[in-house]
Amino acid sequence: MSENSFSKETETRLIDFFRKTIDSEDMAKTIRQVNYVLSLCAMRGCETVETEFNNLEDNFYWLNKLAEVLDPYLDVE
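Residues numbered from 1 in each chain as written. Predicted model: local features only at pLDDT ≥ 70, side-chain atom pairs only at ≥ 80, totals over all residues. Heavy atoms only, no water.

Quick look at the overall build of the chain
What the chain contains, in helices and strands, is 4 helices and 0 strands. Seen in sequence order, the chain has helices and strands lined up from the N terminus as α-α-α-α. For the chain, the proportion of its 77 residues judged to be buried stands at 21%. Accessible surface, the chain as shown: approximately 6300 Å² in total, 51% of it carbon and sulfur. (Helix = DSSP H or I, 4+ residues; strand = E, 2+ residues; numbered from the N terminus. Buried < 20%, exposed > 50% of the residue type's maximum accessible area, 1.4 Å probe, protein only. Areas by Shrake-Rupley, 256 points an atom, 1.4 Å probe, with all protein chains shown as cover.)

Overview of the nonpolar core
Counting 6 residues, the largest nonpolar core is built from Leu14, Phe17, Ile22, Met27, Leu66 and Val69. Every element with two or more residues in this core is listed here: α1 (8-21) and α4 (53-70). Discounting chain neighbours no more than four positions away, the residues touching Phe17 are Ile22, Met27, Trp62, Lys65, Leu66 and Val69. (Core = buried A, V, L, I, M, F, W, Y, C linked by side-chain atoms within 4.5 Å. Contact = heavy atoms within 4.5 Å.)

In structure tokens:
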């Protein structure tokens, strides 16, 4: 496993994200739920997505928010 170091700006954004936006334990739960649904979808031919759509939709939002914290792209004007 390689070690990556974040810039001070990224570290600050991550700290703010987990303090003000979503708890780190909730984010871990979100990631696990998305992995679960996507894995089942791949194995079952996507029948799971229909029953888990609301969770997937919410979790997709949080994963994108985390991605923007790590590497701002969509929020950059």
